[in-house]
Amino acid sequence: MVLSGCSNGSRESEIVKFAVIAGWIARVLVIILSLVNSRLLIDLVGVDGLAIQSILISLTIWFALLNMGIPSAVQNLISRYRAEGKDYERLKQTATSAMLVIFIMLLPLIIGLGVAVKHIVLSRYPDVATATIIIFCAGLFVAGISLLFNQTLYAEQRGHWPNVYPAINALCVTVYLIACKLLTIHNINLVLLAFVLANLVVAVLGALQAKIFRIWCLDRQILSEIWRNCRGFALFAFLAAGVLGIDYLIMSRILSAQDIAVYNISQRIFMALFSVHAIILTSSWSGVSETLFAKQWGLARKRISNLLLIGAGMVVVLGGIVIMFMGNIAGIISHGKITEVPLTLTFLFLVYMLLRIWSDTYAMALLSVNETSILNRYVPFQAAISIASQVLLGNKFGTTGILLGIIVSFLATAAWILPRAFYKLTRESYV
């Protein structure tokens, strides 16, 4: 039995390592292509076009809410079924069928939201058509639903597939934008379709790899189980959107397109560093989940400590290099249209990345065993602090104030609440 356990643990470790390596390779490609795509966007539709695309992409977190938290709930259920030796094929098919029903039912809502985005969020940008925004929003909706395929693959210890999807997405965008440049297409409505088509391609790949849509199945018992588990995730996602998905909405009302572009380029570079750690977290989710479900508290603490050390070390080293050359990087990306980035903004992005690594690592551990209640209790306060701080400080200090407002919200809540909750959960092994 011991030998079997060691063998399974070794195999799981190798699978996670393979997924992480695949993710890192893909992430390097994503970083490169993301910067290339920013340059192509500015060449094709100018700084205003980059600002519009940035604002629309920032809505991703809001449209992901429409998956009702089902992807995360299903991932944890699959992990639990695997730990208990149960077959979960019917669970997969039921979840997929339910997601298809949600997609059909919510399409009219997507159209309405697209119209609202045009007339409220992007009212200052007349060149982009309402129909284009509706199509873009539909693409974001598809991306949110396709998370079910990704998280199914993570639960099945096949994380290498979803880890490379962002690279495929970015590559599709690059090819489309290059085609636009070769064909001298500068219409922003046509250029924005690049991001919609890329989301569709990745969604189809995910569906094929996860081997879903095999049968139509809406098992009531399984649906009830999914509902009990997804409610907490859905609420948490909604509340978290008030923290992480509000910056561009606020900036669209109070800052110029130039300021938004500066913020976006800085964010892209630093989030590229953070996303490498995010790959490790998503690849480790199911392993941490199974460890906690098995009540191996000491092992769970060790895994979380390792994740924190890796993430912090990576961001400090690479982030320090980025800060030194940020002006040059921004100039290259923007084709000389943005040559100065405030030092305070880049430094605050480094601080923000460290806070995200700290908070997201503990949040992942808690969410992996459905411990959503503690998060749902504090996130409303964090969202309120974040929104108020961003509006107040953004009006006074511009882009630097926006980021400072987000940092204040993390320091006031998540930075200390999450680790305390995790160590309280795992204290039994130290009693």
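Source: prediction; values computed, not measured.

Can you help me understand the packing of helix α3 (residues 70-84) against helix α4 (residues 89-121) in this one?
Helix-helix packing is characterised by the crossing angle of the two axes and by the distance between the axes. Between α3 and α4, whose axes approach to 11 Å, the crossing angle comes to 175 degrees. Comparing the axis directions of α3 and α4 gives the class roughly antiparallel. Note on element contacts: α4 touches α3 through L91, K92, A95, M99 and I102, opposite I70, P71, V74, L77, I78 and Y81. Looking at side-chain class alone, the contact of α3 with α4 contains 10 nonpolar, no polar and one charged residues.

What am I meant to see in the pattern of salt bridges here?
Side chains bearing opposite charge may pair, as long as their charged atoms lie close to each other. Per the counting criterion, the structure on display carries seven salt bridges. In this structure, R39 engages D43 in a salt bridge whose closest nitrogen and oxygen atoms are separated by 3.6 Å. Highlighted residues: R39 and D43, both in helix α1 (residues 2-57), separated by four residues, approximately one helical turn. Between E225 and R80 there is a salt bridge, and its shortest N-O distance comes to 2.4 Å. Here E225 is found in helix α10 (residues 220-244), whereas its partner R80 is found in helix α3, with 145 residues between them in sequence.

Explanation requested: helix α16 (residues 399-412) in the structure shown.
Turn by turn, an α-helix covers 3.6 residues, leaving residues three or four places apart pointing in a common direction. Between its terminal C-alpha atoms α16 stretches 20 Å, which fits the 20 Å expected from 14 residues at 1.5 Å a residue. The element α16 is largely enclosed, with a buried count of 10 among its 14 residues. For α16, the full list of buried residues reads T399, T400, G401, I402, L403, G405, I406, I407, S409 and F410. Each element contacted by the buried residues of α16 is listed here: α10, α11 (247-254), α12 (257-293), α14 (343-367), α15 (373-397) and α17 (414-425).

Please clarify how the nonpolar core should be interpreted in this entry.
Nonpolar side chains tend toward joint burial in soluble globular proteins. With 129 residues, the main nonpolar core has L56, I70, L122, Y125, Y263, L375 and L403 as its most contacted residues. Ranked by the residues each element gives to this core, the list is headed by α12, at 15 residues. Among residues more than four places away in sequence, those in contact with L122 are I52, I55, L56, V117, V128 and I133.

Any chance you could explain unusual backbone geometry here in plain terms?
Backbone geometry follows two general trends: most residues other than glycine have a negative phi, and most peptide bonds adopt the trans configuration. Positioned with a positive phi, M68 is a non-glycine residue whose angle comes to about 65 degrees. Of note, M68 is situated in the loop between α2 (60-63) and α3. Backbone geometry at T184 places phi at a positive 55 degrees, although glycine is not the residue there. Counting through the fold element by element, T184 comes out in the loop between α7 (160-182) and α8 (188-191). When its relative accessible area of 57% is taken as the criterion, T184 is described as exposed.

What am I meant to see in the side chain of N189 here?
The residue N189 is located in helix α8 in this model. Engagement of the side chain of N189 in a polar contact is seen with the backbone nitrogen of A129, the distance being 2.7 Å. In terms of polar contacts, N189 uses its side chain to reach the side chain of T132, at 2.7 Å. Ignoring any residue separated from it by four or fewer positions in sequence, one finds N189 in contact with D127, V128, A129 and T132.

Teacher, can you tell me more about the packing of aromatic side chains here?
What describes a pair of aromatic rings is the distance from one ring centre to the other and the angle between the planes of the rings. Overall, the coordinates contain 10 aromatic pairs when judged by the stated rule. Note on Y248 and Y263: the rings are 5.6 Å apart at their centroids and 85 degrees apart in plane angle, and the pair reads as edge-to-face. Within this pair, whereas Y248 is found in helix α11, its partner Y263 is found in helix α12, the two being separated by 15 residues in sequence. Across this residue pair, the class does not change: Y248 and Y263 are buried. Look at Y362 and F422: their rings are 5.7 Å apart centre to centre, the planes differ by 55 degrees, and that puts the pair in the tilted class. Here the residue Y362 occupies a position in helix α14, and F422 occupies one in helix α17, the gap between them amounting to 60 residues. The exposure classification of Y362 matches that of F422, with both residues buried. Through a chain of ring-to-ring contacts, three or more aromatic side chains come together here, namely Y248, Y263, F270 and F349.

How do you make sense of a nonpolar patch on the surface when you look at a structure like this?
On the surface, a nonpolar cluster with roughly 510 Å² of combined accessible area is contributed by L100, I104, F213, W216 and L218. Position of L100 among the secondary structure elements: in helix α4.

I tried to follow the side chain of S266 on my own but got confused; where do I start?
Along the chain, S266 turns up in helix α12. What makes S266 buried here is its relative accessible area of 0%. Excluding residues within four positions of it along the chain, S266 makes contact with M326, V341, L345 and F349.

What counts, and at which threshold
- Residues numbered from 1 in each chain as written.
- Predicted model: local features only at pLDDT ≥ 70, side-chain atom pairs only at ≥ 80, totals over all residues.
- Heavy atoms only, no water.
- Axes fitted to C-alpha atoms, helices over the stretch in contact; angles between N-to-C directions.
- Helix = DSSP H or I, 4+ residues; strand = E, 2+ residues; numbered from the N terminus.
- Parallel < 35°, antiparallel > 145°, perpendicular 65-115°, else oblique.
- Contact = heavy atoms within 4.5 Å.
- Nonpolar A, V, L, I, M, F, W, Y, C, P; charged D, E, K, R; others polar.
- Salt bridge = Lys/Arg side-chain N within 4 Å of Asp/Glu carboxyl O.
- Expected span 1.5 Å × (residues − 1).
- Buried < 20%, exposed > 50% of the residue type's maximum accessible area, 1.4 Å probe, protein only.
- Core = buried A, V, L, I, M, F, W, Y, C linked by side-chain atoms within 4.5 Å.
- Polar contact = N/O pair within 3.5 Å; in protein donor to acceptor, adjacent residues only side chain to side chain.
- Phe/Tyr/Trp six-rings, centres within 6.5 Å; stacked < 30°, edge-to-face > 60°.
- Patch = residues over 30% accessible without salt bridge, like charges linked within 9 Å, V, L, I, M, F, W, Y side chains within 5 Å.
- Areas by Shrake-Rupley, 256 points an atom, 1.4 Å probe, with all protein chains shown as cover.

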